[in-house]
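Observations on the model geometry
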Amino acid sequence: MLSCIINLDTRPQRTTMEAHNMGVTCSDLLVGNVVNKRRFFQGFDTEFITYIDVHEPVPEDALRELNRLCDCVVLRKHSKKYRGADPFNVFNDIAYLQALSQARGEIVAHFDMDTACFARDKDAVEAWLSHLESYRFVSYPSPCSPRPVDDASFGKHTWASTRAFACKREWLKFDVLERMLREPEWGWEQFGEPVRKLNWLEHMLALSNNESVIYPPRCDDRLLMFCWSAYHRGVMEKLNGMSFDEVRDYVRRCGEIQYPNDCAALPL
């Protein structure tokens, strides 16, 4: 079984990505994102899990639909407290870790709220997942394949982007990862010190797994996986009802997927 985990939140609406941890958030992505991933994994034995960081109340109609679509819906009131620290400086990464812990499948796939995925067919998704035969993590297709970015400041270090990744559940060492988030210096002593010390979960995932991560080459005629750098209400719902070719053509009209894997929506 595959566990598809989608991190959602109800922060005030923001239709443009502004900075790290300040991506697009829109109420229609709560349900639209789950519908999108159910279509993406059509034909797979999949459980669907949503973990909602609740800032403002979840609309009742959205909550009813999420309960219908998902096997597990977690609502967690937003808090920056964790194990005696207030604020805990990587509180968002603890939420990621707690979301991942809900998985019951052998394969775990994780997506952020602003990540959209479209595949021509099941074979395209299986090809993406097939990288797990050689790597511990597969992330989104990248023009810098097999790396996420062309940035020498990271040295040889890479990361499993929480925007989108899949792995075997056995590589999620929850006790180790939690300690790495709480005591990053301990993690660097255990697994090696990266050139840029970023104590985010996506970096700790890779570091604790021998940097075994691949960003496959992009093949936009078979698979599209991107984050919204700008969004318009209703776009996801309409895209979810389109054929793959129609979605691909729409993304082209938006100016293609831009580095590293962003798309600026046009109204539909």
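Calculation rules
- Residues numbered from 1 in each chain as written.
- Predicted model: local features only at pLDDT ≥ 70, side-chain atom pairs only at ≥ 80, totals over all residues.
- Heavy atoms only, no water.
- Pairing = 2+ DSSP bridges.
- Helix = DSSP H or I, 4+ residues; strand = E, 2+ residues; numbered from the N terminus.
- Axes fitted to C-alpha atoms, helices over the stretch in contact; angles between N-to-C directions.
- Contact = heavy atoms within 4.5 Å.
- Buried < 20%, exposed > 50% of the residue type's maximum accessible area, 1.4 Å probe, protein only.
- Arc of directions from axis to C-beta.
- Phe/Tyr/Trp six-rings, centres within 6.5 Å; stacked < 30°, edge-to-face > 60°.
- Lys NZ or Arg CZ within 6 Å of the ring centre and 35° of its normal.

Moving on to the sheet that holds strand β10 (residues 262-264). Hydrogen bonds along the backbone pair up the strands of a sheet, which may run parallel or antiparallel. The three strands are arranged β5-β9-β10 in an open sheet whose pairing can be described as mixed. Looking at strand neighbours, the two that pair on one side only are β5 (115-119) and β10, the edges of this open sheet. Across this sheet, the average inter-strand angle for adjacent strands is 40°, counted without regard to direction. Both strand β9 (residues 223-230) and β10 contribute to a ladder of three bridges, which runs parallel. Following the sheet pairing, A230 is matched in β10 by A264. Contacting β5 and β9, helix α4 (residues 122-129) crosses the sheet at an angle of about 80° to β9. The sheet contacts of helix α9 (residues 244-253) involve β5, β9 and β10, and relative to β9 the element is tilted by about 40°.

Once that is clear, we can look at helix α2 (residues 60-69). Those residues of α2 that fall on the buried side of the exposure criterion are A62, L66 and L69. Along the long axis of α2, the arc covered by the buried residues comes to 70°, so they all point the same way. In α2, the exposed residues that point more than 90 degrees away from the buried face are E60, D61, R64 and R68.

Overall, the coordinates contain 14 aromatic pairs when judged by the stated rule. With a centroid separation of 5.5 Å and 45° between ring planes, the pair formed by Y82 and F88 is classed as tilted. Here a set of aromatic residues connected by ring pairs shows up, and it is made of F40, F41, F44, F111 and W128. The ring of F44 carries K122 above its face, with NZ or CZ at 5.0 Å from the centroid. Seen from the ring of F154, R196 lies directly overhead, with NZ or CZ sitting 4.1 Å from the centre.

All quantities given are derived from atomic positions and should not be read as evidence of function.
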